[in-house]
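A structural walkthrough
Here are the chains, one letter per residue:
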Amino acid sequence: MIVAGFGFRNGTTIESLLEALNITQYQAQVQAIAAPEDKVELQVFQDLALHLDLPIRPCSEVEIQSQTVSTYSFASEKYRNSGSVSEAVALAAAGQYAHLLKPRNVSSDRMATCAIAKGDWV
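To keep things clear, this report deals only with the structure shown in the data block.

Calculation rules
- Residues numbered from 1 in each chain as written.
- Predicted model: local features only at pLDDT ≥ 70, side-chain atom pairs only at ≥ 80, totals over all residues.
- Heavy atoms only, no water.
- Phe/Tyr/Trp six-rings, centres within 6.5 Å; stacked < 30°, edge-to-face > 60°.
- Helix = DSSP H or I, 4+ residues; strand = E, 2+ residues; numbered from the N terminus.
- Buried < 20%, exposed > 50% of the residue type's maximum accessible area, 1.4 Å probe, protein only.
- Lys NZ or Arg CZ within 6 Å of the ring centre and 35° of its normal.
- Salt bridge = Lys/Arg side-chain N within 4 Å of Asp/Glu carboxyl O.
- Pairing = 2+ DSSP bridges.
- Axes fitted to C-alpha atoms, helices over the stretch in contact; angles between N-to-C directions.
- Contact = heavy atoms within 4.5 Å.
- Core = buried A, V, L, I, M, F, W, Y, C linked by side-chain atoms within 4.5 Å.

Once that is clear, we can look at the packing of aromatic side chains. Tallied over the full model, the rule gives 2 aromatic pairs. With 5.8 Å between their ring centres and 75 degrees between their planes, Phe6 and Phe45 make a pair best called edge-to-face. Here Phe6 is found in strand 1 (residues 2–8), whereas its partner Phe45 is found in helix 3 (residues 43–52), with 39 residues between them in sequence. For Phe6, a relative accessible area of 0% puts it in the buried group. An aromatic cluster of three or more residues is present, and its members are Phe6, Phe8 and Phe45. Lys39 extends its terminal NZ or CZ atom over the ring of Phe8, reaching a point 5.1 Å from the ring centre.

Structure follows, in structure tokens:
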């Protein structure tokens, strides 16, 4: 299972989310998308899932905070107690033995991040 994990600010556009995903160069291989539980119900994320025709995997705060990530964002640490929300949700959603294929990438407007993880989640 290859999962694209997203971290994003309120007011983010689908274009920002898609740009962050495209930077990873894994868009064609992604089998699910993930984000924090409170973000997956936002219209922009629902639109992304429809556009990509992929299932959504919501991640709890406990799941996010329990992941070891490779990059650090002050904002992510401040609001989510994780150095990288996108890496944490990608790892959590991909399953117990997940590993990062691509660390956090940031959209040019700095509104969205995306990381790619591979694991055993089905």
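Tallied over the entire structure, the rule returns 3 salt bridges. For Arg57, the salt bridge identified is with Glu63, shortest N-O distance 2.8 Å. The closest approach of N and O atoms between Arg80 and Glu61, which form a salt bridge, is 2.4 Å. Of this pair, Arg80 sits in helix 5 (residues 74–80) while Glu61 sits in helix 4 (residues 61–65), and the two are 19 residues apart along the sequence. With relative accessibility at 32%, the residue Glu61 sits in the partly exposed group.

Below, the discussion takes up the sheet that holds strand 1. Sheets are built from strands that pair by backbone hydrogen bonding, the pairs being arranged parallel or antiparallel. Ordered in space as 3-2-1-5-4, the 5 strands form an open sheet in which the pairing is mixed. For this open sheet the edge positions go to strand 3 (56–59) and strand 4 (99–106), each flanked by a neighbour on one side alone. Adjacent strand axes in the sheet meet at a mean angle of 20 degrees, parallel and antiparallel pairs treated alike. Taken strand by strand, helix 1 (residues 14–24) contacts strand 1, strand 4 and strand 5 (112–118), and its axis lies near 40 degrees from that of strand 5.

This part takes up the nonpolar core. Residues Phe6, Ile33, Phe45 and Leu48 are the most contacted members of the largest nonpolar core, which totals 22 residues. Of all elements in the fold, only strand 1, helix 1, strand 2 (32–36), helix 3 and strand 5 reach the threshold of two or more residues within this core. The residues touching Ile33, leaving out its near neighbours within four places in the chain, are Val3, Ala4, Phe6, Phe45, Leu48, Ala49, Leu52, Leu54, Pro55, Ile56 and Arg57. Residues Ala32, Cys59, Ala93 and Ala117 belong to the second largest nonpolar core, which totals 14 residues.

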